[in-house]
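This is what each chain is made of:
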Number of protein chains: 2
Amino acid sequence: MEVGTGSNEKIGFSPWWPFLGSLVEKLRGRVTGFLNKLKKIAKDDPRRIAHSCKVGLALTLVSFSYYVTPLFDGFGVSAIWAVLTVVVVMEYTVGATLSKGLNRAFATLLAAFLGVGAHQIAILFGEKGEPILLGLFVFILAAAATFSRFIPEIKARYDYGVSIFILTFSLVAVSSYRAEELIQLAHQRLSTIVIGVVTCLCTTIFVIPVWAGEDLHKLAAVNLDKLASFLEGLGSECLGEKVGSESLEGKPFLQVHKSVLNSKPTEDSLCNFARWEPGHGRFRFRHPWKQYLKIGALNRRCASSMEALTTYITTSAETQATKEPELRQKIRTACLEMSSESAKALRELSKAIRTMTAPASANPHMAAAIAATGELRSTLSKDADIADVLHVATIATLVAELVVRTQEIFGSVEELARLARFKSPEPIPKATVKPVSDGESPPHVAIQVGE
Amino acid sequence: MEVGTGSNEKIGFSPWWPFLGSLVEKLRGRVTGFLNKLKKIAKDDPRRIAHSCKVGLALTLVSFSYYVTPLFDGFGVSAIWAVLTVVVVMEYTVGATLSKGLNRAFATLLAAFLGVGAHQIAILFGEKGEPILLGLFVFILAAAATFSRFIPEIKARYDYGVSIFILTFSLVAVSSYRAEELIQLAHQRLSTIVIGVVTCLCTTIFVIPVWAGEDLHKLAAVNLDKLASFLEGLGSECLGEKVGSESLEGKPFLQVHKSVLNSKPTEDSLCNFARWEPGHGRFRFRHPWKQYLKIGALNRRCASSMEALTTYITTSAETQATKEPELRQKIRTACLEMSSESAKALRELSKAIRTMTAPASANPHMAAAIAATGELRSTLSKDADIADVLHVATIATLVAELVVRTQEIFGSVEELARLARFKSPEPIPKATVKPVSDGESPPHVAIQVGE
């Protein structure tokens, strides 16, 4: 019975059977892959499972206000607004939930007042004038509020509130045209929204809370550690004694700084939420959250310099050392000293943040690294021949790198032109390729012009 | 009558009068500042005003389905769901609106089906069992759906849909316990949501549409232009003939590339929305939008190299040239050639994207830049003395920059420790500062250890 093994070579007496088998096999592979992915997501941050259960819990809690008859009689059909609020307000971190909940509550309150006011004005204009005036009010307020969302400060902190403001104002203004007991309706809705917000807050704060502030704090320490790992790897794999001629490309330490480069959006949103959070654990209410953004910006700048260094050491080959071995050795020693001491300083800074201790222990390492820089400079400036040329040659090296970058961009734009079928230029440019003057230089250029 | 001039020196006969005057003055300043800000926001992108009006228009249109009696009789109170849909779905770009609208419509449909199914199962368990079973269903589906939002692919494209799915399922499951005519209610709601989505789509697509794809396309060209401006500035201000000893810090061309560095989130969201958009103008439906992300990543890498160069030329002073003027001149010329030709190539690439023409016209410039790089390499490798040391000295220069970066981070962490009142470390470390070996080197180190 070799049926259903999924092997493609054997075709049994029933030709569709192996096909079905391989299909099942494929499907099973897909499902296993998907389950492994889910497992990984859960393992990376187990609080995600907790959060999912918390959302379920809050929703079930709030549903009970609907099932339990005495509560239902008090709120009427408005009880479903509590459900709606929970779904929309419940967020991963305490700060985000607080920000959304407060935004929602205050925006609803303000919009309900204005909506009732608009209704009072509109009814003065009679049955025919009322809908026209209400429509006008909705248009003006919605347009103005939408425009205010383009102001960066409002976008950052009150975007959700403005959206709820438009929503509630329109709802109140529109339903005021039909509803008989507007005030009672508004009151019911507001209380159900408050119930929803309070349920969310209790669940996020008291059941395994995730604090945006704490995450921001830890992220700063983790990023410092990543920068330190890069410098440690640089010391051992690139500047150390036993470094061979093997290619550095693909070494893991050359990748660690990359995630730091893209940390800005995460840090911005965490900081934004952290400012809404009350004091918790080791953090006071007015903890200087904005300082983490400053540290983050400097971390990214450091990672950016690491990127430049990475490109340089992976692309430019070392020439065979024949002359001046002493000077080379001196420079190498200084490099090793600078990178290892900086790495130690970064590790100490990370530890200082983790333990919330003043970073005094980083001082000696920092001083040693700076001293090594000074020594390096004096070493280089002693040899006038080299010092003269070095400055301009370094700039040239960096500019040459920009040429390589530009070439890469050129390639990707060409690919875009091919994929998107850009039209070909009308007059084909007659370009003369400037030949490399002598045959010595290694990187020969082969570019087709006017293709 | 010197009253109300707001001058602080003169105190008139009525002491609160000038105070009030200065208050009014201050307030007026604030208001003027705010109005100017609004004007700038509108001027930067006039489509923002159009968008605000479009939101007002869509809301007013949809409100009329409520005011007009025959329509109202068809939909009942559910008509307010059309208003709700418009507020939530209407976005700045066509792609974002389409993405939200389709997400909302399909998620509502799916969740309504499942909700009705859950209700059918729950009623089998009698009056007491029903709310318990419904609560359980809500818990399980809400938790599972919330967890699915942590999967990056779902987060990127269907986040809003999942949230609406949870919302609708809970609403249907919860209200099914009370509502008599569930199917009719579901039908009404679905049609009002469709009305809302269609209103939004018509307004965004037919009234001054803002296409995410077009914005993404333009952004790529603008960023290429910025990179070109940097290289042009570099050529004229730093490598040109008449460059004096004036400091380069604060020159505008050293800032243009910075906005490119932070373009990733904008590009990601625009690309995400562009994929939902139908063909429009010069773009087909399956335009290769992902290629723009590749170009963007390379642009950022180029900007990152520019950042490294910027830091180098603003911090390291040029030594007074005494020896080898010829070699220096050769290197300088090569630099000038590399940067100006790369700049021209980038300008051509930008033009190619703007006009959607194949970028053949960038070829000669690219070839010239690469040829200059080759010449530079051969120039440098001719002088064995320098070539020997240059490689390791360049690495040393880049590592020395990392020390400076680390020092900056150190300073900002220290500031954090001060602001957040970190505790002082218990055993004060006794560190010996390694003194700079000789008095020649310019950057003297003054770090207090064990403070």
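Residues numbered from 1 in each chain as written. Chains lettered and ligands numbered in written order. Predicted model: local features only at pLDDT ≥ 70, side-chain atom pairs only at ≥ 80, totals over all residues. Heavy atoms only, no water.

**Regarding a nonpolar patch on the surface**
Okay, step 1: Among the surface-exposed residues, Trp17(A), Phe19(A), Leu20(A), Leu23(A) and Val24(A) lie close enough to one another that they form a single nonpolar patch of about 470 Å² accessible area.
Okay, step 2: Mapped onto the elements, Leu20(A) comes out in helix α1 (residues 16–44). (Patch = residues over 30% accessible without salt bridge, like charges linked within 9 Å, V, L, I, M, F, W, Y side chains within 5 Å. Areas by Shrake-Rupley, 256 points an atom, 1.4 Å probe, with all protein chains shown as cover. Salt bridge = Lys/Arg side-chain N within 4 Å of Asp/Glu carboxyl O. Helix = DSSP H or I, 4+ residues; strand = E, 2+ residues; numbered from the N terminus.)

**What to know about the side chain of Glu341(A)**
Okay, step 1: Among the secondary structure elements, Glu341(A) is positioned in helix α13 (residues 325–355).
Okay, step 2: Discounting chain neighbours no more than four positions away, the residues touching Glu341(A) are His365(A), Ala368(A) and Ala369(A). (Contact = heavy atoms within 4.5 Å.)

**So, the environment of Leu227(B)**
Okay, step 1: Assignment of secondary structure puts Leu227(B) in helix α9 (residues 212–239).
Okay, step 2: Separated by 188 residues in the primary sequence, Leu227(B) and Lys39(B) place their C-alpha atoms 29 Å from one another.
Okay, step 3: Beyond its immediate stretch of four places on either side in the chain, Leu227(B) contacts Ile409(A), His257(B), Val260(B), Asn299(B), Cys302(B), Ala303(B), Met306(B) and Leu346(B).

**As for the packing of aromatic side chains**
Okay, step 1: Within this structure, the stated rule accounts for 14 aromatic pairs over all chains.
Okay, step 2: Three or more aromatic residues link up through ring pairs in this structure, and these residues are Tyr92(A), Phe147(B) and Phe150(B).
Okay, step 3: Across from the ring centre of Tyr160(B), 4.7 Å away, lies the NZ or CZ of Lys100(B), which sits over that ring. (Phe/Tyr/Trp six-rings, centres within 6.5 Å; stacked < 30°, edge-to-face > 60°. Lys NZ or Arg CZ within 6 Å of the ring centre and 35° of its normal.)

**Re the interface of chain A and chain B**
Okay, step 1: Listed per partner, the contact involves 179 residues of chain A and 179 residues of chain B.
Okay, step 2: Summing the contributions of chain A and of chain B, the shared interface buries around 16000 Å²; its carbon and sulfur component is 73%.
Okay, step 3: Between the two partners, chain A and chain B, sit eight salt bridges.
Okay, step 4: Of the charged contacts in the structure, one is a salt bridge between Glu307(A) and Arg301(B), with a shortest N-O distance of 3.4 Å.
Okay, step 5: Here chain A is connected to chain B by 20 residue pairs in polar contact (both at pLDDT 80 or more).
Okay, step 6: Looking at which element gives the most residues to the side of chain A that touches chain B, the answer is helix α15 (residues 384–419) of chain A, with 32 residues.
Okay, step 7: Partitioning the side of chain A that touches chain B into residue classes produces 105 nonpolar, 43 polar and 31 charged. (Buried area = accessible area lost by both parts, 1.4 Å probe. Polar contact = N/O pair within 3.5 Å; in protein donor to acceptor, adjacent residues only side chain to side chain. Nonpolar A, V, L, I, M, F, W, Y, C, P; charged D, E, K, R; others polar.)

**Some thoughts on the environment of Val87(B)**
Okay, step 1: Structurally, Val87(B) can be placed in helix α4 (residues 80–89).
Okay, step 2: You can call Val87(B) buried: its relative accessible area is 9%.
Okay, step 3: A C-alpha to C-alpha distance of 8.9 Å links Val87(B) and Ala58(B), two positions 29 residues apart in sequence.
Okay, step 4: Apart from the residues lying within four places of it in its own chain, the contact partners of Val87(B) are Ser163(A), Ile166(A), Leu167(A), Ser170(A) and Leu59(B). (Buried < 20%, exposed > 50% of the residue type's maximum accessible area, 1.4 Å probe, protein only.)

**Looking at the relation of the copies chain A and chain B**
Okay, step 1: Once turned by 180° and shifted 0.0 Å along the axis, chain A lies on chain B with an RMSD of 0.1 Å. The two molecules are tied by a two-fold rotation axis, judged by turn and shift.
Okay, step 2: By residue overlap, the copies meet face to face through one surface: 100% of the interface positions of chain A are interface positions in chain B. (Least-squares fit on C-alpha atoms with pLDDT ≥ 70 in both.)

Read these as geometric descriptors, not functional statements.
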